[in-house]
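Observations on the three-dimensional arrangement
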Amino acid sequence: MGDSNYSKAYIQALIDELKTSKIYTDLQCAAQVDLAKPTLRLSELKKGVLNGLVNSGWDRKLRNAIYRFLQTNPKLQAPTPPPEHLKEPLVYLRKAQQSWEKRILKSLNSMCTELNIPLARKRPEKDQKEWAQKWTELGIDGPVIKNLSQIRPVYAPKDFLEVIIGLQNPNYHGSDTPGFYHLWGIVQVPLKVKDIDELRLQYSDMSINQCQSGIDDAQDIPSELFEQERVKLGKKVISANHGPLAQEFSKKGCPTSMRATLWCQILAIEVDEIDILYYEQLKTNVLQHELLVDSLLYKDVKLTATNDDQYFVFEDFLYQVLLPFSRDTHVLKHFDYNSASPPKSYIRGRLGMEEFAVNYPPNGVIPFHGFAMYVAPMCFLFKETITLYYVFREMYIRYFFRLHSISSHPQGIVGLSLLFESLLQTHEPDLFFHLKSVGCHPLKVAFKWLVRAFSGYLSSDQVLLLWDRILAYNSMEILAGRFGGFNNITSHSIDPVKSLLQMKAPCFVHGAQRTKRPGAGSSQREAFCQ
């Protein structure tokens, strides 16, 4: 950590983080065990303890903990800016996010008033026992949720897109001033995005002349031989148990049999007894207290995953992950670097008194239509619900939260929308012009795919291959790159996304938009026409 790129304040924050983590106490215990060894000489006490920790693999665990901190905590600037600038430096985007949050809360409160239901209440003893008995069968045979038919999603991606389209920088008047570059897309926020050359350099391991796991492109070597070599190398990477190594290996995709282990190593997830106990506490909170958010999550799963022939079998898994997630206060940590702020509610009879304000829901995240699809593809990877839970939680606080908050971050949904429009206009102009000419703007079609990270729109294996690269490159720009432009970098894996755009256009031309979601047996074309 002697790198001059890290300030003293940043290094101190890392030290403080490590001291409050479980690995700190584990290291102390391991050091005490080494100290008690009779073969250890007093003159070589320090060296002997250090060698003992290294031989026991603790140096690698400590490196993984430091690596995780570096991945999730941006470098502090010098001088340190105000806290609100760390969350979002542009004032007009900060105000837009605050206005959007007020709109969400207004929708939530109006639903409470219309249906005459509280935001939270304690479950009756009878209900608690029923939920405990049916915890693994919360789908078809689960407890009856009252007023579920009247519950509606607080917002959908199309509502969020309307807000983003309306964003305007008050200090920028490109259309009125000669010589200014006019933004051709419907997102009129002047943010810098990468061009194709920068993306080629960043994603050089995805070049068309590189073999990739899970892609059946014709290469110089047989696909079976390549896969055998990848599995052989993957076993060595997994045995090393080092996050950066697993991340570098995953840049060419993860072999299916190793994906779950590699993801856990990249995300620095090792489920132990404390993690199991913490999940059980979250589960107990679910059993004891009912939140309005529970109904929103139930409704969302019913509208999305259970209507998808790939994911309907995982309905119970989704409830066992999403309901505890809504109670997990660890998720609040991501608001330190998120432009959003956790919603507040007040204890009954104490409205407006800040000392009685609480975060609602406890994790600070109000689910929207399609939120459950962040979890659904991961259900293919993990047999154990608890491991699935911690992987999803880490994916959310690292990546997915940026897909439904307004910010100037290059990996935020605003930046991804601009990158998508830029790439498609530059490298697929015929498709872009065709969609606009039939009254179907490309971003209006693709926005919900971006917000859901393509979950539910591409096949599950394609989604997992895509998410491999998100983890490998620690970047979500690959989502926008799935459209025009990346076919100049990568292989024909771009084709499914282009075909979705081309498939969508006729639906607008012939007025074939539908309001009812397709069932499990609906055709792919019908599904995307919605």
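Because the structure is predicted, anything quoted here is derived from the model rather than measured.

To continue, consider the overall build of the chain. From N to C terminus, the chain includes 23 helices and four strands. Sorting the 530 residues of the chain into buried and exposed places 49% on the buried side. Pairs at least 24 apart in sequence give 74% of the contacts found in the chain among residues at least 6 apart. Carbon and sulfur atoms provide 54% of the accessible area of the chain, an area that totals close to 26000 Å².

When the UniProt feature table is mapped to this numbering, "transmembrane region" (unreviewed entry) covers residues 371–392. With 36% helix and 0% strand, residues 371–392 has end C-alpha atoms that lie 12 Å from one another.

Next up on the list: the pattern of salt bridges. Tallying each qualifying case throughout the model produces 13 salt bridges. The closest approach of N and O atoms between Arg 327 and Asp 294, which form a salt bridge, is 2.5 Å. Highlighted residues: Arg 327 in the loop between α15 (315–325) and β3 (344–346) and Asp 294 in helix α14 (residues 292–303), separated in sequence by 33 residues. For the pair Arg 327 and Asp 294, a shared accessibility class is recorded, and that class is buried. Residues joined in a network through salt bridges with shared partners are Arg 123, Asp 294 and Arg 327.

Turning our attention to the packing of aromatic side chains. For the coordinates displayed, the defined rule picks out 26 aromatic pairs. For the pair Phe 371 and Tyr 374, a centre-to-centre distance of 5.5 Å together with 75 degrees between the ring planes defines the contact as edge-to-face. For the pair Phe 371 and Tyr 374, one class covers both residues: buried. Here Trp 449 and Phe 454 contribute two aromatic rings whose centre-to-centre distance is 6.4 Å and whose plane-to-plane angle is 40 degrees, an arrangement assigned as tilted. Of the two residues, Trp 449 and Phe 454, both sit in the buried class. Here a set of aromatic residues connected by ring pairs shows up, and it is made of Trp 100, Tyr 155, Phe 160, Phe 325, Phe 368, Phe 371, Tyr 374, Phe 392, Tyr 396, Phe 400, Phe 447 and Trp 467. If you follow Arg 123 out to its NZ or CZ, it ends over the ring of Trp 131, 4.0 Å from the centre. The aromatic ring of Phe 249 is capped on one face by Arg 230, whose charged end is 3.9 Å from the ring centroid.

With that out of the way, let us pick up helix α4 (residues 58–72). The end-to-end C-alpha distance of α4 is 21 Å, a good match for the 21 Å that 15 residues give at a rise of 1.5 Å each. Turning to α4, its buried residues are Trp 58, Asn 64, Ile 66, Tyr 67, Phe 69 and Thr 72.

So, on to the nonpolar core. The biggest cluster of nonpolar side chains holds 129 residues, and the ones touching the most others in it are Phe 371, Phe 392, Tyr 396, Phe 400, Trp 467 and Leu 479. Apart from the residues within four sequence positions on either side, Phe 371 is in contact with Leu 297, Asp 300, Leu 322, Phe 325, Val 365, Phe 392, Tyr 396 and His 404. Of all hydrophobic cores here, the second largest spans 13 residues; its members include Tyr 6, Leu 27, Ala 31 and Ile 66.

As a further point, take the packing of helix α13 (residues 273–288) against α15. Viewed as axis vectors pointing N to C, α13 and α15 meet at an angle of 85 degrees, and their least axial separation amounts to 9 Å. Judged by the angle between their axes, α13 and α15 are roughly perpendicular. For the pair α13 and α15, the contacting residues are Tyr 279, Leu 282 and Val 286 in the first and Gln 320, Leu 323 and Pro 324 in the second.

Here we take up the environment of Val 313. With respect to the helices and strands, the residue Val 313 is situated in the loop between α14 and α15. Overall, Val 313 belongs to the exposed group, its relative accessible area being 55%. Between the C-alpha atoms of Val 313 and Cys 379, which are 66 residues apart in sequence, the distance is 9.6 Å.

Okay, α13 next. Along an α-helix, residues three or four positions apart point the same way, because every turn accommodates 3.6 residues. For α13, with 16 residues, the first-to-last C-alpha span of 22 Å sits near the 22 Å given by 1.5 Å per residue. Tucked inside the fold, the buried residues of α13 contact α7 (125–133), β2 (289–291), α15 and α16 (385–398). Near the N-terminus of α13, the side chain that reaches the backbone nitrogen of Ile 274, with its oxygen 3.2 Å away, is that of Asp 272.

What counts, and where the lines are drawn
- Residues numbered from 1 in each chain as written.
- Predicted model: local features only at pLDDT ≥ 70, side-chain atom pairs only at ≥ 80, totals over all residues.
- Heavy atoms only, no water.
- Helix = DSSP H or I, 4+ residues; strand = E, 2+ residues; numbered from the N terminus.
- Buried < 20%, exposed > 50% of the residue type's maximum accessible area, 1.4 Å probe, protein only.
- Contact = heavy atoms within 4.5 Å.
- Areas by Shrake-Rupley, 256 points an atom, 1.4 Å probe, with all protein chains shown as cover.
- UniProt positions renumbered as here; feature names shortened; annotations may be inferred.
- Salt bridge = Lys/Arg side-chain N within 4 Å of Asp/Glu carboxyl O.
- Phe/Tyr/Trp six-rings, centres within 6.5 Å; stacked < 30°, edge-to-face > 60°.
- Lys NZ or Arg CZ within 6 Å of the ring centre and 35° of its normal.
- Expected span 1.5 Å × (residues − 1).
- Core = buried A, V, L, I, M, F, W, Y, C linked by side-chain atoms within 4.5 Å.
- Axes fitted to C-alpha atoms, helices over the stretch in contact; angles between N-to-C directions.
- Parallel < 35°, antiparallel > 145°, perpendicular 65-115°, else oblique.
- Polar contact = N/O pair within 3.5 Å; in protein donor to acceptor, adjacent residues only side chain to side chain.

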